[in-house]
Structures are given as structure tokens and as C-alpha cells.
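Here is how the chains run, residue by residue.
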Number of protein chains: 2
Amino acid sequence: MRVPVELRKAYKLINHGPTTLITSAHAGKVNIMAAAWVMALDFDPPKLCAVIAGDTHTRGLVDASGAFVVNVPTRAQVDLTYAVGSESGRDVEKLSTRGIATAPAATVEAPLVEGCAAWLECKVVREPHNEKQYDLFIAQVTAAWAEDRLFRNGEWHFERDEDRTLHHMAKGVFYMTGGRVEVSRRR
Amino acid sequence: MRVPVELRKAYKLINHGPTTLITSAHAGKVNIMAAAWVMALDFDPPKLCAVIAGDTHTRGLVDASGAFVVNVPTRAQVDLTYAVGSESGRDVEKLSTRGIATAPAATVEAPLVEGCAAWLECKVVREPHNEKQYDLFIAQVTAAWAEDRLFRNGEWHFERDEDRTLHHMAKGVFYMTGGRVEVSRRR
């Protein structure tokens, strides 16, 4: 079940560096792309960074709407994740063509992709120089959600491989988020 | 054995979102800190982003030298990774106190931490607004290295858990980079 995550804990949903799916929407158009270059930027209020290339359909929707959603997909969604990173929303309406189920977000127009492990709704903090020079976006997280079967009590609980989050290396080769390690002495 | 990685392939060393160790040096002083908020920003020439908080000793050394090294530690170094993220270089010279072995870098003064899986030498692309407003640094990768036992032919090869790279979630809880997944249809 998708449950809200306190905003000050939202960084935990991407602190381990998973590959993400970015959804965007504006004026009735909606799109999805894969994005590995996403990271947390601040705790409270939570911010994150994402690289959204200038030649993508997503970029146009993000520029127009000032918002997007960072969805964190699982092993079960690896083919989907790769596929939507390999085609352009200019050529095909990816969500409907691929039958990708979505749910409405709470604070932005972009939708939440069903079946993911976590979702971060984001509003762009406009930084035109970064956007133009580096395709780098800074955004504030305005709502965060997690699948409670996988993330609860502020921690991930992966029991089955199909539920594990993903880390893209290159060209369709991913690694799953692996075994948990706790340091010997926690502060 | 540490071998050079072609600059245009350097992004592969951090594309999977591992937690890193950032080393820095200036005028005979050297420091090390843990950094999970590091991501690739461009392919060629390779650039990356890193968050380096304003109150850290590392920040002073990076500001002064305009350079740092992103080291990618392994499971065998998890206690070290957590420890150097829990104390300040202002209070203790962490590298010598902890007996952390280093080797000289090729293009920057900051050292390479022995035993890591990969190393990216970085020169800061000065962006004062980002640095001041967000503690966000943009840097160009000027040399890259990998342990050839773990990264070869452009891909990671983790056979033993102790060799796996790390993904920090919070408070001393890490996940190892897990099993490899290849999508069904690669483009």
C-alpha cells in the first residue's frame, strides 16, 4: 500500500542512489523517462537534483509545469525502466502505449507510476543557469510516498528480488539493491 | 591493480549511485569524508556533482584547492566509510590517525584511498551561487581509475561480498550493490 513519508525523511527514499523514473505533465500531456542522475540535495525542507537533458520531451513538460515526480522502480519493472529510457515521448505516448498504470499525485500534475517502491513529488526551484548550462534541475520535494511493504519504520525491507530497487550502470545492465550491512559501531 | 579508465567511460564508475569517500588536500593538509550525495552530470568531458557541506573541513580544502577525489569504497571498508563520516577533520587528522593508506593522484593534490573499487580525480568548475546556496559542487573528472579485478571491460564484476560497492541509507545502514540484471531487449 502506498503510504505517505514524512518530508524530513524523504531523502531516505533515494539516499542509496537508485535509478528512477521521472514523470511529468502539462496541459493534458504526460510523459515518463528513466533517470539515473538523481540525488538528494538537502534534508529539510527536502530537495533533490536531477539531470533532464535539453532535447527530451520531459524537459519541455518540466519547463512548462515547473514540476515532476521521481518514481523509484523495482526489479519487476526493469524492462519498463529501460524501455522508457530508450524511446522519446515526442514519438510515442509512452504511458498509454505501454499500458503503464498511474495514480494522481497530491501536489503536482505529473502522475505516480503504480508498482514502484517510492515516489517523490517535486517542484522545480528555478535555476536557469544550471538548467541551461548543465541540464541540471534543483527541486523541492512537496510530497513523498512509499510502498509500506518495502519501506517502513524509515528503512528499506527487501525480501524478494522482484521488489529490489535498481541501479543502472549502462546500456541495459542494472544491479539490484543488495544485502543490508550495518556498521559495527553506530553513532 | 589500479588501472586507468578512459575519461568518456568514467561515469560508469558512479552511475549506479554508490556512496563515496571524498578526499581533499591543500598546502600540506589532507582530509577524507563520506559523501552519498554524488552523481554523474555529463559524459564527455565527464562531470559530476557533489554536495560538500559548508561547515566541513573538506569544504575549506576544496575551496582552497579547487579539487578533490571521489573514491568508491567497498563492503570491506564500510566501518571506515561510516567512521570518517562521523568525525571532523578539524578535530582529528583522520587519514593518519586511522592508518588509511593512500597513493598520489595524477592530476590533483588530494590522494587516492587504497583498497577502493574506483577513483575519480576532479577539478571544481566554479559555480559560486550553487556552492553558497546549496553546498553543491560541479566538477570535471580529470583522471579516473578502477581496480581491474572489480571493474573491467566497462563493467563491474563483483564476486565476493567484501568487494561490493556500498549505498548508504542512513545512520550506518548500508546496502551492498547486489545482483546483476540485464534487460530482456537491449537496444
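Going along each chain's sequence as written, the residues are numbered from 1 onward. To label them, take the chains in the order written and letter them from A, then take the ligands in the order written and number them from 1. Under the rules for a predicted model, residues below a pLDDT of 70 receive no local features and side-chain atom pairs below 80 are neither given nor counted, while totals for whole chains, interfaces and linings still include all residues. Values reported for side chains reflect all heavy atoms of the structure, with hydrogen atoms and water molecules removed beforehand.

**A few points about the overall build of chain A**
Here comes step 1: Secondary structure elements follow DSSP: runs of H or I of four or more residues count as helices, runs of E of two or more count as strands, with numbering from the N terminus. When you go through chain A residue by residue, the secondary structure sums to 4 helices and 14 strands.
Here comes step 2: Seen along its three principal axes, the alpha-carbon backbone of chain A occupies a region of about 50 × 35 × 30 Å.
Here comes step 3: Looking at chain A residue by residue over its 187 residues, the buried ones come to 60%.
Here comes step 4: Accessible areas in this description were obtained via Shrake-Rupley with a 1.4 Å probe; residue shielding takes into account the shown protein chains only. Counting every atom, chain A has about 7400 Å² of accessible surface; 47% of that belongs to carbon and sulfur.
Here comes step 5: Side chains of chain A carry 23 positive and 23 negative charges; the gap between the two charge centres is 4 Å. When a residue's accessible area, from a 1.4 Å probe over protein chains only, is under 20% of the maximum for its type it is buried; when over 50% it is exposed; and in between it is partly exposed. For the purpose of charge, His is not counted, nor are the chain termini; Lys and Arg are scored as positive and Asp and Glu as negative. In this description, the location of a charge corresponds to atom NZ of lysine, CZ of arginine, CG of aspartate or CD of glutamate.

**Points about the relation of the copies chain B and chain A**
Here comes step 1: Least-squares fitting of one copy onto the other uses the C-alpha atoms of those residues that reach a pLDDT of at least 70 in both copies. The two copies are related by a screw motion: chain B maps onto chain A through a turn of 180° and a shift of 0.0 Å along the axis, at an RMSD of 0.0 Å. Both copies of the chain, as the preceding transformation shows, are related through a two-fold rotation axis.

**Points about the confidence of the model for chain A**
Here comes step 1: A score between 0 and 100, pLDDT records how confident the predictor is in each residue. Confidence in the prediction for chain A averages 96 pLDDT; 99% of positions are at 70 or higher.
Here comes step 2: We note a pTM of 0.97 for the whole complex and an ipTM of 0.96 for its interfaces.

**Digging into the interface of chain B and chain A**
Here comes step 1: The contact criterion used throughout is that any non-hydrogen atoms of two residues lie within 4.5 Å. Listed as interface residues are 55 residues of chain B and, on the opposing side, 55 residues of chain A.
Here comes step 2: Note: buried area is the sum, over both parts, of the accessible area (probe 1.4 Å) each one loses when the two are combined. Of the roughly 4900 Å² buried between chain B and chain A on both sides combined, carbon and sulfur atoms contribute 60%.
Here comes step 3: Three residues stand out in chain B for area buried against chain A, namely W37, Y175 and V181 of chain B, and they jointly supply 16% of the buried area on that side.
Here comes step 4: Two N or O atoms form a polar contact when they lie within 3.5 Å of each other; inside protein one atom must be a possible hydrogen donor and the other a possible acceptor, and for residues adjacent in sequence the pair counts only when both atoms belong to side chains. Inspection of the chain B/chain A interface yields 25 residue pairs in polar contact (both at pLDDT 80 or more).

**Topic: the pairing of strand β5 (residues 47-51) of chain B**
Residues and elements named next belong to chain B.
Here comes step 1: When you tally the buried positions in β5, you get 5 out of 5 residues, the bulk of the element.
Here comes step 2: Side chains of β5 alternate between two faces, with K47, C49 and V51 and L48 and A50 buried alike.
Here comes step 3: Pairing between strands requires that DSSP locate at least two bridges from one strand to the other. Looking at chain direction, strand β4 (residues 38-42) and β5 are connected through 4 bridges and run antiparallel. When the bridges of β5 are listed, V38 appears paired with A50.

**Notes on helix α1 (residues 57-65) of chain A**
Here comes step 1: For α1 of chain A, the full list of buried residues reads H57, T58, R59, L61 and V62 of chain A.
Here comes step 2: The inward-facing, buried residues of α1 of chain A contact β2 (20-26), β3 (29-35), β6 (67-72), β9 (118-125), α4 (128-134) and β10 (136-147) of chain A.

**Digging into the packing of aromatic side chains**
The description of an aromatic ring pair uses the distance of the two centres, along with the angle that the planes make with each other.
Here comes step 1: Pairing of aromatic side chains requires ring centres within 6.5 Å, counting the rings of Phe and Tyr and the six-membered ring of Trp. Pairs whose planes differ by under 30 degrees are stacked, by over 60 edge-to-face, and all others tilted. Within the structure shown, the criterion is met by 10 aromatic pairs over all chains.
Here comes step 2: Here the aromatic rings of F151 of chain A and W156 of chain A are separated by 5.0 Å at their centres, their planes lie at 70°, and the arrangement is edge-to-face. Considered together, F151 of chain A and W156 of chain A belong to a single accessibility category, that of buried residues.
Here comes step 3: Where Y11 of chain B meets F43 of chain B, the ring centres are 4.7 Å apart and the plane angle is 85°; that geometry is what we call edge-to-face. Of this pair, Y11 of chain B sits in the loop between β1 (2-4) and β2 (20-26) while F43 of chain B sits in the loop between β4 and β5; the two residues are 32 residues apart in sequence, bridging distant segments of the chain.

**Observations regarding the state of the cysteines**
Here comes step 1: In plain terms, two cysteine sulfur atoms within 2.5 Å form what is called a disulfide here. Counting across every chain of the model gives 0 disulfides over all chains.
Here comes step 2: Not part of a disulfide, C122 of chain A finds its nearest cysteine sulfur in C49 of chain A, a span of 11 Å.

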